[in-house]
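Overview (structure and organization)
Here are the chains, one letter per residue:
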Amino acid sequence: MSRATKTYIKGVKVSERHGAGEWTAERLSSLILVPLTLWGLWTGYTLSGAGYDAALDWFRAPVNAVLLAVTLLVSVWHMQMGLKVIVDDYIHKPGSRGALLGLIGLFCLVIAAAGVFFIVRLALGSAPLPAGFGI
């Protein structure tokens, strides 16, 4: 059998035995995000109208900072998996698919690193960066 016969049957791509693990990871990240999203909504509701100082005090609580960082990281992971599925489904040239998946991975890494950086910065009591990053 040729390679094309093994990967396609009647014009439909056949699983390459990694789909089940990706499916499980997507569902796991969704399940983790449900309570974290409810916590985030409740936190936003309780902090609304409380003022800037109350928000800074909220960030300084270690539990809040850790939960916010976990929410950010799981959300970015979930986003990356979803974008990977879209690219795998609609981009068929291996070079284009690889380049796009690399860009998506880099983009998600930058978002995660920047988000955790600012969460840690606020949790440790540092002032946020000035508007325009001081430029």
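Within each chain, residues carry numbers counting from 1 in the order of the written sequence. In keeping with the predicted nature of the model, local features appear solely for residues at pLDDT of at least 70, side-chain atom pairs appear and are counted solely at 80 or more, and the whole-chain, interface and lining totals rest on all residues. Note: side-chain values were computed over all heavy atoms of the structure, leaving out hydrogens and water.

1. Comments concerning the overall build of the chain
For helices the rule is a DSSP run of H or I covering at least 4 residues; for strands it is a run of E covering at least 2, with both sets numbered from the N terminus onward. Looking only at helices and strands, one finds 5 helices and 2 strands in the chain. For the chain, the sequential pattern of α-helices and β-strands runs α-β-β-α-α-α-α. Each residue gets one of three labels from its accessible area relative to the maximum for its type: buried under 20%, exposed over 50%, partly exposed in between, using a 1.4 Å probe on protein chains only. Here the chain, with 135 residues, has 19% of them falling under the buried criterion. Of the contacts formed within the chain by residues at least 6 apart in sequence, a portion of 62% connects residues at least 24 apart. Accessibility throughout is a Shrake-Rupley quantity obtained with a 1.4 Å probe, and a residue counts as covered only by protein chains that appear here. For the chain, the accessible surface area stands at approximately 9,600 Å², while carbon and sulfur atoms represent 72% of it. Throughout, a residue-residue contact means that at least one pair of heavy atoms, one from each residue, lies within 4.5 Å.

2. Some remarks on the packing of aromatic side chains
Ring geometry is summarised as follows: Phe, Tyr and Trp rings, the Trp one being its six-membered ring, pair when their centres sit within 6.5 Å, and such pairs are stacked at plane angles under 30 degrees, edge-to-face over 60 and tilted between the two. What the rule picks out here adds up to 4 aromatic pairs. Centre to centre, the rings of W58 and F59 are 5.1 Å apart; their planes meet at 80°, and the pair counts as edge-to-face. Looking at F59, the relative accessible area reads 18%, which means it is buried.

3. Details of the confidence of the model for the chain
Of the residues in the chain, 83% reach a pLDDT of 70 or more, and the chain-wide mean stands at 86. In the predicted structure, residues 1-5 sits below a pLDDT of 50 and forms 1 contact with residues beyond four places in sequence or in another chain. A residue's pLDDT is the confidence the predictor assigns to it, expressed on a 0 to 100 scale.

4. Topic: a nonpolar patch on the surface
Residues enter a patch when their relative accessible area is above 30% and they make no salt bridge; the linking distance is 9 Å between like charges and 5 Å between nonpolar side chains (Val, Leu, Ile, Met, Phe, Trp, Tyr). We define a salt bridge as a side-chain nitrogen of Lys or Arg found within 4 Å of a carboxyl oxygen belonging to Asp or Glu. On the surface, M79, L83, I86, Y90 and F107 cluster together into a nonpolar patch covering about 510 Å² of accessible area. For the nonpolar patch, the element with the most residues is helix α4 (residues 62-90), which contributes 4 residues. On the secondary structure map, Y90 appears in helix α4.

5. Here we look at the packing of α4 against helix α5 (residues 94-123)
It is the contact of α4 with α5, at a shortest axis distance of 10 Å, that shows an interaxial angle of 170°. In terms of orientation, α4 lies roughly antiparallel with respect to α5. Of the residues in α5, those touching α4 at A65, L68, A69, L72, L73, V76, M79, Q80, L83, K84, V87 and D88 are R97, L100, L101, I104, F107, C108, I111, A112, G115, V116, I119 and A123. When residues are grouped by polarity, Ala, Val, Leu, Ile, Met, Phe, Trp, Tyr, Cys and Pro land in nonpolar, Asp, Glu, Lys and Arg in charged, and all others, Gly among them, in polar. Within the contact of α4 with α5, the residues separate by chemical class into 19 nonpolar, 2 polar and 3 charged. To get an axis, a line is fitted to the C-alpha atoms, and for a helix only the part in contact is used. The angle between two axes follows their N-to-C directions and goes from 0 to 180 degrees. For classification, angles of less than 35 degrees are called roughly parallel, those exceeding 145 degrees roughly antiparallel, those between 65 and 115 degrees roughly perpendicular, and all remaining angles oblique.

6. Some points on the pattern of salt bridges
Here the structure, examined in full by the defined rule, presents 4 salt bridges. Salt-bridge contacts for D88 lead to K84; the nearest nitrogen and oxygen are separated by 2.6 Å. Taken as a pair, D88 and K84 lie in helix α4 at a separation of 4 residues, close to a single helical turn. By relative accessible area, which is 22% here, K84 ends up partly exposed. Members of the salt-bridge network, linked through shared partners, are E22, K84 and D88.

7. A look at the packing of helix α3 (residues 52-60) against α4
How two helices sit against one another is set out by the angle between their axes and by the gap between those axes. In contact at an axis separation of 5 Å, α3 and α4 are set at 80° when each is read in the N-to-C sense. In terms of orientation, α3 and α4 fall into the roughly perpendicular class. Of the residues in α4, those touching α3 at W58, F59 and R60 are P62, N64, A65 and L68.

8. Focus: α5
An α-helix turns once per 3.6 residues; consequently, residues spaced three or four apart project the same way. What a helix should span is 1.5 Å times the count of its residues minus one. Counted at 1.5 Å a residue, the expected span for α5 with its 30 residues is 44 Å, and the 43 Å between its end C-alpha atoms agrees. All of the buried residues in α5 are R97, I104, C108, A112, G115, I119 and L122. The inward-facing, buried residues of α5 contact α3 and α4. Two residues or fewer past α5, G125 is found with a positive phi of approximately 90°.

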